[in-house]
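Each chain, written out:
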Amino acid sequence: MYDKGEGYAPAHGTGSILVLGEALGEYEVKMSQPFCGASGGILGKACALAGVQRSALVTDNCVRCRPPNNWLVGAPWEAEALYQCSANWQRTIELRKPKVILALGETAAHALLDTTEPIRDLAGYVYKTQWGLVVPYYHPSFILQGNSA
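These numbers were taken from a predicted model, which means no experiment stands behind them.

About the thresholds
Residues numbered from 1 in each chain as written. Predicted model: local features only at pLDDT ≥ 70, side-chain atom pairs only at ≥ 80, totals over all residues. Heavy atoms only, no water. Core = buried A, V, L, I, M, F, W, Y, C linked by side-chain atoms within 4.5 Å. Buried < 20%, exposed > 50% of the residue type's maximum accessible area, 1.4 Å probe, protein only. Helix = DSSP H or I, 4+ residues; strand = E, 2+ residues; numbered from the N terminus. Pairing = 2+ DSSP bridges. Axes fitted to C-alpha atoms, helices over the stretch in contact; angles between N-to-C directions. Salt bridge = Lys/Arg side-chain N within 4 Å of Asp/Glu carboxyl O. Contact = heavy atoms within 4.5 Å. Expected span 1.5 Å × (residues − 1). Bend = angle between axes of the 7 residues up to and from the residue.

This part is about the nonpolar core. Nonpolar side chains in soluble globular proteins tend to end up buried together. One finds Trp89, Ile93, Ile101 and Leu112 to be the most contacted residues of the largest nonpolar core, which totals 19 residues. When contributions to this core are tallied by element, the ones reaching two or more residues are β1 (17-21), α3 (78-96), β3 (100-104), α4 (106-113) and α5 (119-122). Among the elements that line this core, the one with the most residues is α4, at four residues.

All right, on to the sheet that holds strand β4 (residues 127-129) then. What links the strands of a sheet is backbone hydrogen bonding, and the strands pair in either a parallel or an antiparallel sense. Judged by pairing direction, the sheet is mixed, and its five strands sit side by side in the order β2-β1-β3-β5-β4 without closing on themselves. Looking along the sheet, the strands with just one partner apiece sit at the ends: β2 (57-61) and β4. The sheet shows a mean angle of 30° between the axes of neighbouring strands, direction not considered. As paired elements, β4 and strand β5 (residues 132-137) share three bridges and run antiparallel to each other. Along β5, the bridge assignment pairs Thr129 with Gly132.

Our focus in this paragraph is the pattern of salt bridges. By the definition in use, this model includes four salt bridges. Ionic pairing is found between Glu26 and Lys30, a salt bridge with its closest N-O pair at 4.0 Å. Separated by four residues within a single helix, Glu26 and Lys30 lie in helix α1 (residues 26-31), roughly one turn from each other. The class for Lys30 is exposed, based on a relative accessible area of 61%.

All right, on to the environment of Gly21 then. With respect to the helices, strands and loops of the structure, Gly21 is situated in strand β1. Owing to a relative accessible area of 0%, Gly21 belongs among the buried residues under this scheme. Discounting residues that sit within four places of it in the chain, Gly21 has contacts with Phe35, Asp60, Asn61, Cys62, Leu104, Ala108 and His139.

A separate point is α3. Compared with an ideal rise of 1.5 Å per residue, which puts 19 residues at 27 Å, α3 spans 26 Å between its outermost C-alpha atoms and is within 8% of the ideal. In α3, a bend of some 40° at Cys85 exceeds every other bend along the element. Regarding α3, the residues found buried are Ala81, Cys85, Ser86, Trp89, Thr92 and Ile93. In this structure, the buried side of α3 is in contact with β1, β2, β3 and α4. Count one or two residues on from α3 and you reach Lys97, which has phi positive near 45°.

Here it is, written out as structure tokens:
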């Protein structure tokens, strides 16, 4: 992905809840911050509805750049990108020691749970893992595409 990806955004925030997504979107590349674009807006609304301050979150992605044409899942570079970038989010977990990890989307859920189960079967359950407690759920971009959970 070094020669294919666009931008870079490290983990952002100082809270005790880690939100792990897939990769950067167009706006996140411009701002060099995960979850600050349209998906971040949905995340912010969900936080408000749940009574959680956005400042309680650390946001990060499995891949810290934007894949070509915003395409990661099923791309020829998917496995290599996820492998190469895994040290980044693993280091975030080691340093931040989150109380819980919210895995948004199938990519993040698969990375944290070492499974290939579809997100519809994983969403909303709490899993004890080597990383701590992981709660997979649909990525905000899923809702932006007109879907409902």
